[in-house]
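# Descriptive analysis of the structure
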Amino acid sequence: MENMTMMTDLYELTMAQVYYNSGKKEEEAIFDVFFRKQPLELGYAIMGGVDRLIEYVENLGFTEEDIKYLENTKLFNKEFIEYLRQFKFTGDIYAIPDGTPIFKGEPLVTVKAPIIEAQIIETAILSYLNSNICYTTATKKITEITKNIGIMEFGARRAYGPEAAIEASKCSIIGGAIGTSNVIAGKKYNMPILGTMAHSMITEANSEKEAFLNYAKTYPENCVLLVDTYDVLKSGVPNAIQVAKEYLIPNGYTLKGIRIDSGDLAYLSKEAKKMLEEAGLENTKICLSDGLNAEKLQELKRKGAIIDSIGLGDNIVAPDKGRVGCVYKNVAIIQNGKTIPKIKISSDTAKTINPGFKKVYRIYEKDTNKAVEDIIALENEKIEKSESYTVEPLQKPIFARGQKVYKDMDLYEKRDFCTKQMETIPNEVKSFPKFEGYTVKLSNELSNLKQKMITERGQ
């Protein structure tokens with residue numbers, strides 16, 4: 001991974017110099033990452049970006065080229081520049097694993113480190129989490145609706161740059177996609193690469209049938225033909241059937257599938273299926289695309305559309321209302337070995353933070369293994385299990401004293417983990433578009449501390 005230490009906002013560095021000049025470079029601080037509102041109009045979100053956080057922290061350190069640039073800005077004194085020359089991360093990081101269902105207000109990542117270190121890494125951490133949570137959640141939003149229908153991620157050309165496209169492809173697998181059209185993502189993450197043809201291949205040829213035949217001759221074992229360039233039912237499907245009968249079947253192959261990318265997808269898919277069955281191509285699969293989102297897919301299912309697989313682009317890499325809104329807030333400092341809670345207060349109660357060094361727990365009903373609520377508690381509190389309920393801490397130690405202590409799951413382990421975790425979330429929380437909110441509550445100790453601090457600051 002590229003060294004991304006300079007991926008930080010200027011004010012992180014100017015504040016860091018103030019801390020340094022004030023003799024606070026050894027002062028430890030604790031920061032929480034959380035979001036205030038459920039993204040993508042869902043009752044849940046899916047954690048993502050821990051892998052990127054790990055790579056980023058492991059590669060932290062200003063290069064000599066970085067140092068020279070910062071010197072030339074004339075914003076930093078020699079002593080602070082020398083400090084940056086030796087900079088590395090020495091603190092602790094706790095995070096909820098990728099693939100976990102997450103909810104508003106709970107600490108997704110907690111950083112406990114010397115305040116300058118904790119401040120400098122803020123921007124990159126938020127960037128990784130906001131993007132990865134968005135892509136992972138957007139995919140899961142779709143796969144929760146489609147269930148056993150294969151989702152192919154086709155969004156590279158719709159992404160906000162190549163790096164975002166790669167991240168979205170990776171995250172789509174965690175969310176339940178079966179593969180991607182993005183070749184570089186396939187190479188980097190050992191993902192299946194999938195795809196058919198574009199309309200341009202058909203318009204370039206002398207005829208639609210010629211284009212289909214040329215494709216079939218090159219890829220006879222995996223022949224999926226795009227049938228909506230001219231007319232799905234009058235031209236596309238008939239030509240696909242002819243190529244199957246005149247070339248594929250005589251040579252020991254079959255037509256694997258057709259893709260429909262425009263028009264009334266429910267009607268066209270049903271009529272195309274009839275035509276394929278009448279031609280003896282009962283096993284030919286139908287793939288639908290065309291800017292599909294959760295609402296459109298629900299409508300297609302309601303209308304009885306024939307769907308064996310789906311190609312999705314925009315609504316993974318750039319979903320509607322896709323902003324996650326993770327923030328990074330100071331919740332405590334450590335002085336003389338004592339943790340001192342900190343709070344930011346706002347007239348907007350959603351922006352008043354939960355103070356102190358905290359942990360978050362998920363409570364499961366033993367009989368059903370369903371999650372019933374999450375509890376945010378102070379770090380030294382114990383949440384007791386009972387005969388009816390089990391208690392699971394959500395955050396895991398990622399770094400301790402600057403060293404990685406967490407064995408990250410691979411991409412497919414994360415997908416399986418996410419699937420199993422979603423099975424524990426109540427159906428009414430997962431329903432779309434109407435859902436019931438999941439309960440995230442503060443422990444009594446944390447609630448009392450928060451109210452006490454609000455009262456004291458308000459005097």
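As shown above, the structure is provided for reference.
Residues numbered from 1 in each chain as written. Predicted model: local features only at pLDDT ≥ 70, side-chain atom pairs only at ≥ 80, totals over all residues. Heavy atoms only, no water.

## Re helix α12 (residues 265-278)
Think of an α-helix as turning once every 3.6 residues; residues three or four places apart then point the same way. End to end, α12 covers 20 Å across 14 residues, agreeing with the expected 20 Å (1.5 Å per residue, within 8%). Restricting attention to buried positions, one finds in α12 the residues Leu265, Ala266, Leu268, Ser269, Ala272, Lys273 and Leu276. The buried residues of α12 all sit within an arc of 165 degrees when viewed along its axis, so they share a single face. Buried residues in α12 make contact with α11 (232-248), β9 (257-260), β10 (285-288) and α13 (294-302). (Helix = DSSP H or I, 4+ residues; strand = E, 2+ residues; numbered from the N terminus. Expected span 1.5 Å × (residues − 1). Buried < 20%, exposed > 50% of the residue type's maximum accessible area, 1.4 Å probe, protein only. Arc of directions from axis to C-beta. Contact = heavy atoms within 4.5 Å.)

## Let's talk about the sheet that holds strand β18 (residues 403-404)
Taken in spatial order, the seven strands make up an open sheet running β13-β12-β1-β5-β3-β17-β18, and their pairing is antiparallel. In this open sheet, the two strands that pair with only one neighbour each are β13 (338-341) and β18. Pairing of strand β1 (residues 28-34) with strand β5 (residues 109-114), which is carried by six bridges, proceeds in the antiparallel orientation. For Ala29, the partnering residue across the bridge sits in β5 and is Ala113. (Pairing = 2+ DSSP bridges.)

## Some points on the packing of helix α10 (residues 208-218) against α11
Put simply, α10 and α11 touch, their axes get as near as 9 Å, and they point 45 degrees apart. With respect to α11, the element α10 is oriented oblique. In terms of crossing hand, the pair formed by α10 and α11 is right-handed. Contact residues: α10 offers Glu208, Lys209, Phe212, Leu213, Ala216 and Lys217, while α11 offers Ser235, Gly236, Asn239, Ala240, Gln242, Val243, Glu246, Tyr247 and Leu248. For the contact of α10 with α11, the class distribution of residues is seven nonpolar, four polar and four charged. (Axes fitted to C-alpha atoms, helices over the stretch in contact; angles between N-to-C directions. Parallel < 35°, antiparallel > 145°, perpendicular 65-115°, else oblique. Left-handed = near helix turned anticlockwise from the far one by under 90°. Nonpolar A, V, L, I, M, F, W, Y, C, P; charged D, E, K, R; others polar.)

Shape is all these values report; function is a separate question.
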